[in-house]
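What the coordinates show
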Amino acid sequence: MSALTGAHAILQTLVRGGVDTCFTNPGTSEMHLVAGMDAVPELRGILCLFEGVATGAADGYGRMTGRPASTLLHLGPGLANGIANLHNARRAGTPMVNLVGDHATYHKRLDAPLESDIDALAGTFSRWVHRTVDAGTAGPDTASAIAAAGTSRYRQGGIATLILPADACWSDGGVPADVVVPAEDVVHTEAVEQAAKALGSGEPCLILLGSDTLRREGQEAASRIANATGARLLAENAPARQERGAGIPNVERLAYFGEMAASQLADVRHLILAGARLPVSFFAYPGKPSELQPAGSVSYDIGGSAALTQLADLVAAGAPVTPAPAARPELPDGSLTPERIAAVVGALLPERAIVADEAITSGRGLAPATAGCPPHDWLSLTGGAIGQGMPVATGAAVACPDRPVINLQAEGSAMYTLQSLWTQARESLDVTTVVLNNATYAILHIELQRTGAPAGPGARALLDLPGLDLAAMSRGMGVPATRATTAEELAAQLKAALAEPGPHLIEAMVARA
Ligand SMILES: Cc1ncc(C[n+]2csc(CCOP(=O)(O)OP(=O)(O)O)c2C)c(N)n1
C-alpha cells in the first residue's frame, strides 16, 4: 500500500490538475488536508473568515483565470454558509472544485452534532457531486472533480463538489492522479444557419450576448455582424465577465427592470442567443409578463463564441468592427450623486482594471461613464444573491496580482461578506473598494412600490440601514479607509488609494436625491 495519505494524494492531484489556490475556512474534519499543505507548497491556502467569502473568492478567481480554484469547507454547516456565492458562481459558469470535509465513515451513523445531509446541500448548485469512500480513491476522485469543473457549455465551467470523509484523508494508500480536461466549443450548426438566414431577411434582428461571447473576440464578431446586417446587439443583464473600454465594441446590457428590458427588445422579430439564456424578468409581478421575448418573434440558440465567429464568417465577411472611442468624463464637483460617483470612477479608472460591480442602485451611471475608459474587465452579480462583490474582488486580485481591482460596492450588500477585507489585508491584495453608502436598501424601496404591496412607515423603516460606519469597520480589519462626502474628496481619495499598493477602502456617502 502507498505510504501517502489520502490527504496528500488529494493535494498533489490538485496541483497536477492546475489547481494552485485553495480558499478555505476549515474545521476538525479537514485537519489532515490543512496539515498536508506544508508538503505541497505549490498550493496556496488562503484563509477566509466566512465560507461565503471563500466561495465568492473562488468564483472571482475562476472568472479571471478560466481555471478552477478549490475551496475547503467544513461539513454541511460550512458548506451551507457558502451556498449563496456558490449559486452566483453556478450562474456565472465558473469552474470550481469544492472540497467538503465530512465525519469519518464509521462516525457518521452516530449522529454527532455536525452530522447533516451534505449530499443534498451540494446537489443544489453542483454539476457533479461525489463522496470519496477511502484513501485509495481520493486522488482519482479529485482528478474527476477537476475534469468535471472544467468542461461545459460555451467553454464555461461548473462546480464539482467532492465530499471527503476524514478517515479517507488520514489513512495511507493515497494515489495522486493525472487530470485531462477536454475543452468544448458549443456550436449549434443548424441554428447558426437559420440565424444567418434571419440576418439576411431584412427583418429586425437582435443578438443577445452572454458567457464567453462577452470577451473581446466575441464582441468583435458581433460588431461585424451588426455592421454587415443592421442587427442590434445587447449583452445579458449580469455578465460574469465582460471586456469593455476603448478599442472594444461597446455592447450595452439588457436592463434589470422588466419593462425597460421589454422596451429594449420591443420591435425584435429574430432573437439570436449567443451564449445567453432566453430573457425573462428577474421576478414576477402581479399582472405583468415574465417572459421578455416579444410575442411572435423567433429565437435561435446558436452556442457560444465559436458559434458567433462562424456566424460572422457567414454573414459579415470583411465587415468592419466598431470599437468604442477613447473618452473619459470630466472630474465633477459637488455632492456625491450616483452620476458624479460614476464620473469620478470613469475619470480615474486605471488601465487593465478589473471591476467587481455590486453597486446596485447607486451604480446606475457607471456603464456610460466607463465605456471609453482604457480596456478593463467588468464582473457582475450573476445570480442576484447579494454579498458577492467583495469576495469576487478578493479572488480576482489573487488571480491577477499585476492588475488593479476596483470593487464598486453598495453598503447593504457589503455587510454580508465584509470579512473579505481581512483576507485582502492579510494577502496584501491590490483591491480598492469604493463603498457607495446610501444608508438604505434602495432597491427594495423601489420593489416595494412595484410589487404593489400596501406598506406603511414600519415596513419602510425595515428597509433602512442608518448608522453604518464602513470606514471604521475596514480599519478594524487592517484595511486603511477614508470617507468622502464630495466629488472632489472622492477623486482625491481614489487617486491616493490607486497610487499605493495593497487594499484600501473609500466610503462614498451618497447624497439623498
Ligand atoms: C442573499 C440575498 N439576500 C437578500 C436579497 C434581497 N435583496 C436584494 S437587494 C437588497 C438590498 C441591497 O441594498 P444595497 O446593497 O445597500 O444596495 P441599494 O439597493 O441601496 O443600491 C436585498 C436585501 C438578495 N438579493 N440576496
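Refer to the preceding data block for the structure.
The present account deals with the structure reproduced in this document.

About the cut-offs
Residues numbered from 1 in each chain as written. Predicted model: local features only at pLDDT ≥ 70, side-chain atom pairs only at ≥ 80, totals over all residues. Heavy atoms only, no water. Pairing = 2+ DSSP bridges. Helix = DSSP H or I, 4+ residues; strand = E, 2+ residues; numbered from the N terminus. Right-handed = clockwise from strand over helix to strand, strands pointing away. Axes fitted to C-alpha atoms, helices over the stretch in contact; angles between N-to-C directions. Polar contact = N/O pair within 3.5 Å; in protein donor to acceptor, adjacent residues only side chain to side chain. Near = heavy atom within 4 Å. Areas by Shrake-Rupley, 256 points an atom, 1.4 Å probe, with all protein chains shown as cover. Nonpolar A, V, L, I, M, F, W, Y, C, P; charged D, E, K, R; others polar. Core = buried A, V, L, I, M, F, W, Y, C linked by side-chain atoms within 4.5 Å. Buried < 20%, exposed > 50% of the residue type's maximum accessible area, 1.4 Å probe, protein only. Contact = heavy atoms within 4.5 Å. Left-handed = near helix turned anticlockwise from the far one by under 90°. Phe/Tyr/Trp six-rings, centres within 6.5 Å; stacked < 30°, edge-to-face > 60°. Lys NZ or Arg CZ within 6 Å of the ring centre and 35° of its normal.

Some thoughts on the pairing of strand 8 (residues 232-235)
Here strand 7 (residues 205-209) runs beside strand 8; their pairing, made up of four bridges, is parallel. Looking across to strand 8, one finds that leucine 208 is bridged to leucine 234. The parallel pair strand 7 and strand 8, bridged by helix 9 (residues 216-229), forms a crossover whose chirality is right-handed.

A closer look at the sheet that holds strand 15 (residues 431-437)
Read across the open sheet, the seven strands follow the order 9-13-12-14-15-17-16; overall the sheet is mixed. On the outer flanks of this sheet lie strand 9 (242-244) and strand 16 (481-484), each paired with one strand and no other. Neighbour-to-neighbour, the strand axes of the sheet open up by a mean angle of 20°, direction not taken into account. Relative to strand 15, strand 14 (residues 405-410) runs parallel, the two sharing six bridges. In the sheet register, alanine 410 faces strand 15, and the bridge partner there is leucine 436.

Quick word on the side chain of arginine 224
Locating arginine 224 in the fold gives a position in helix 9. A polar contact is formed between the side chain of arginine 224 and the side chain of aspartate 313, at a distance of 3.3 Å.

Examining the site of the ligand
Around the ligand there are 18 residues in total, and Thr361, Gly384, Ser413, Thr440 and Ile443 lie nearest to it. Glutamate 411 has a polar side-chain atom sitting 3.4 Å from an oxygen atom of the ligand. Within the backbone of threonine 440, one N or O atom sits 2.7 Å away from an oxygen atom of the ligand. In the complex, the protein chains occlude 78% of the 590 Å² of accessible area that the ligand would expose alone. Elements supplying a minimum of two residues to the shell around the ligand: helix 15 (411-414) and helix 17 (442-451). When the residues that make up the shell around the ligand are grouped by side-chain class, the tally is 10 nonpolar, seven polar and one charged.

A few points about the nonpolar core
Phe23, Met64, Leu79, Leu86, Phe125, Ile354 and Val405 are the most contacted members of the largest nonpolar core, which has 36 residues in total. Beyond its immediate sequence surroundings of up to four residues, methionine 64 is in contact with Arg241, Ile354, Asp377, Leu379, Ala396, Ala399, Cys400 and Arg403.

Here we look at the environment of leucine 462
Its location among the elements puts leucine 462 in the loop between helix 18 (457-461) and helix 19 (470-476). Looking at leucine 462, the relative accessible area reads 71%, which means it is exposed. In sequence terms leucine 462 and aspartate 167 are 295 residues apart; their C-alpha atoms lie 47 Å from each other.

Notes on the sheet that holds strand 11 (residues 298-303)
Reading across the sheet, the four strands line up as 8-7-10-11 and stay open at both edges, with parallel pairing between neighbours. In this open sheet, the two strands that pair with only one neighbour each are strand 8 and strand 11. Neighbour to neighbour, the strand axes of the sheet diverge by 20° on average, direction disregarded. The strands touched by helix 8 (residues 189-199) are strand 7, strand 10 (270-274) and strand 11; relative to strand 11, the strand with the most contacts, the crossing angle is about 130°.

A word on the pairing of strand 14
Among the six residues that make up strand 14, six are buried, leaving the element largely enclosed by the rest of the structure. The side-chain alternation of strand 14 yields two buried faces, one formed by Val405, Asn407 and Gln409 and the other by Ile406, Leu408 and Ala410.

Description of the packing of helix 12 (residues 338-348) against helix 20 (residues 487-499)
The geometry of helix 12 relative to helix 20 is characterised by a closest axis approach of 10 Å and an angle of 35° between their N-to-C directions. Handedness of the helix 12/helix 20 crossing: right-handed. Contacts between helix 12 and helix 20 involve Arg340, Ile341, Val344, Val345 and Leu348 from the former and Ala487, Leu490, Ala491, Leu494, Lys495 and Leu498 from the latter. Among the residues making up the contact of helix 12 with helix 20, the classes are represented as nine nonpolar, no polar and two charged.

Details of the packing of aromatic side chains
Evaluation of the coordinates by the stated rule reveals four aromatic pairs. Taking 4.8 Å as the distance between ring centres and 55° as the angle between the ring planes, the aromatic pair formed by tyrosine 256 and phenylalanine 282 counts as tilted. In this pair, tyrosine 256 is assigned in the loop between strand 9 and helix 10 (258-265) and phenylalanine 282 in the loop between strand 10 and strand 11, connecting sequence segments 26 residues apart. Of the residues examined, tyrosine 256 reaches a relative accessible area of 24% and is grouped as partly exposed. What makes phenylalanine 282 partly exposed here is its relative accessible area of 39%. Of the aromatic side chains, those joined through ring pairs into one cluster are Tyr256, Phe257, Phe282 and Phe283. Lying over the aromatic face of tryptophan 378, arginine 244 brings its terminal NZ or CZ to 5.0 Å of the ring centre. When the ring centre of tyrosine 285 is taken as reference, the NZ or CZ atom of arginine 450 above it lies at 4.4 Å.

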